[in-house]
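Here's the letter readout for the chains.
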Amino acid sequence: MRLPADAVLIVIDLQEAIDDPRWGPRNNPGAEANIAALIAAWRAEALPIVHIRHDSVEPGSPYAPGSPGHRFKASALPLDSECVIAKTANSAFVGTALEALLDEFGATTLVLCGVLTPNSLEATARHAGNLGYQAFVVADASWAVDKVDLRGRRWPAEDVHALSLAHLHGEYATIVDTNETLAAAAMAKARQRLKEERFRGEA
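Values in this document were obtained by computation on a predicted structure and should not be read as measured data. (Residues numbered from 1 in each chain as written. Predicted model: local features only at pLDDT ≥ 70, side-chain atom pairs only at ≥ 80, totals over all residues. Heavy atoms only, no water.)

Engineer: Whenever I open this one, the overall build of the chain confuses me. Can you help?
Structural biologist: Scanning the chain for helices and strands turns up 5 helices and 8 strands. Secondary structure elements in the chain, listed N-terminal to C-terminal, are β-α-β-β-α-β-α-β-β-β-α-β-α. Its C-alpha atoms give the chain a radius of gyration of 17 Å, near enough to 17 Å, the size a compact globule of 203 residues would have. Taken along the three principal axes of its C-alpha coordinates, the chain extends 65 × 35 × 30 Å. Expressed as a percentage of its 203 residues, the buried residues of the chain come to 45%. When contacts within the chain are restricted to residue pairs at least 6 apart in sequence, those whose partners lie at least 24 apart make up 78%. Side-chain charges of the chain comprise 19 positive and 26 negative groups, with the mean position of each set lying 1 Å from the other. (Helix = DSSP H or I, 4+ residues; strand = E, 2+ residues; numbered from the N terminus. Rg over C-alpha atoms; globule rule 2.2 N^0.38 Å. Buried < 20%, exposed > 50% of the residue type's maximum accessible area, 1.4 Å probe, protein only. Contact = heavy atoms within 4.5 Å. Lys, Arg positive; Asp, Glu negative; His and termini not counted. Charge placed at Lys NZ, Arg CZ, Asp CG, Glu CD.)

Engineer: I'm lost on the nonpolar core in this one. Help?
Structural biologist: As a rule of thumb, soluble globular proteins bury nonpolar side chains together. The biggest cluster of nonpolar side chains holds 30 residues, and the ones touching the most others in it are L3, L9, V11, I35, W42 and W143. The set of elements that each furnish at least two residues to this core consists of β1 (8-12), α1 (31-44), β4 (109-115), β5 (134-143) and α5 (178-202). Ignoring anything within four residues of it in the chain, the contact list for V11 reads I35, I39, V50, H51, I52, A76 and C113. Grouped together as the second largest cluster of nonpolar side chains are 24 residues, V8, V50, F93 and A135 included. (Core = buried A, V, L, I, M, F, W, Y, C linked by side-chain atoms within 4.5 Å.)

Engineer: I'm lost on unusual backbone geometry in this one. Help?
Structural biologist: The phi torsion of most residues other than glycine is negative, and most of the peptide bonds are trans. Although it is not a glycine, D13 sits at a positive phi angle of roughly 55°. With respect to the helices and strands, D13 occurs in the loop between β1 and α1. Although it is not a glycine, N28 adopts a positive phi angle of roughly 50°. When you line up the elements, N28 lands in the loop between β1 and α1.

Engineer: How do you make sense of the side chain of K87 when you look at a structure like this?
Structural biologist: Within the secondary structure layout, K87 lies in strand β3 (residues 83-87). A polar side-chain atom of K87 sits 2.9 Å from a polar atom in the side chain of D13. One polar contact links the side chain of K87 to the main-chain carbonyl oxygen of A89, over a distance of 3.1 Å. If we ignore the near neighbours within four places in the chain, the residues touching K87 are I12, D13, I52, R53, H54, D55, A92, T96 and S120. (Polar contact = N/O pair within 3.5 Å; in protein donor to acceptor, adjacent residues only side chain to side chain.)

Next comes the structure, spelled out in structure tokens:
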């Protein structure tokens, strides 16, 4: 995995609403810790971060503005200097200024994490791929929940997660894990610093 120095970390819908019991059993219990590690690494390297917040318009949704669940989780609280994009659709690109913001950054590479894997994460990753971004989805920094199909069969969260990632991989995004992403983030700025040092030496 190789990242440019303008690679943007996009943290999707990591709000307290995702802990509501209505969603049912989930996988990847360590995902929040991995997301926190990614955010810390991006901050340490001064790489751009965008937080996506879901402002649900559905009656009774735990993601509705003004509800307790609308707040960001403690593991992913944005800093005042970091960008927050509010959305009402699944894809973070629909009806938002996300693409314009990424253009301001000059970004061509996105690293996505958050929830839920087959919902807003997958929708945003598909959209990113179709817009021509190089997209990476961090598998162990996201999660799914159990899903009942139209035949009444219940699919465990781990299977739902795995199938969603399989749909994305090689078509819309590249699936990676936290450790390789952290290593790539550290190297992104290291290469830039080395280039700048060489330039100063030649001047």
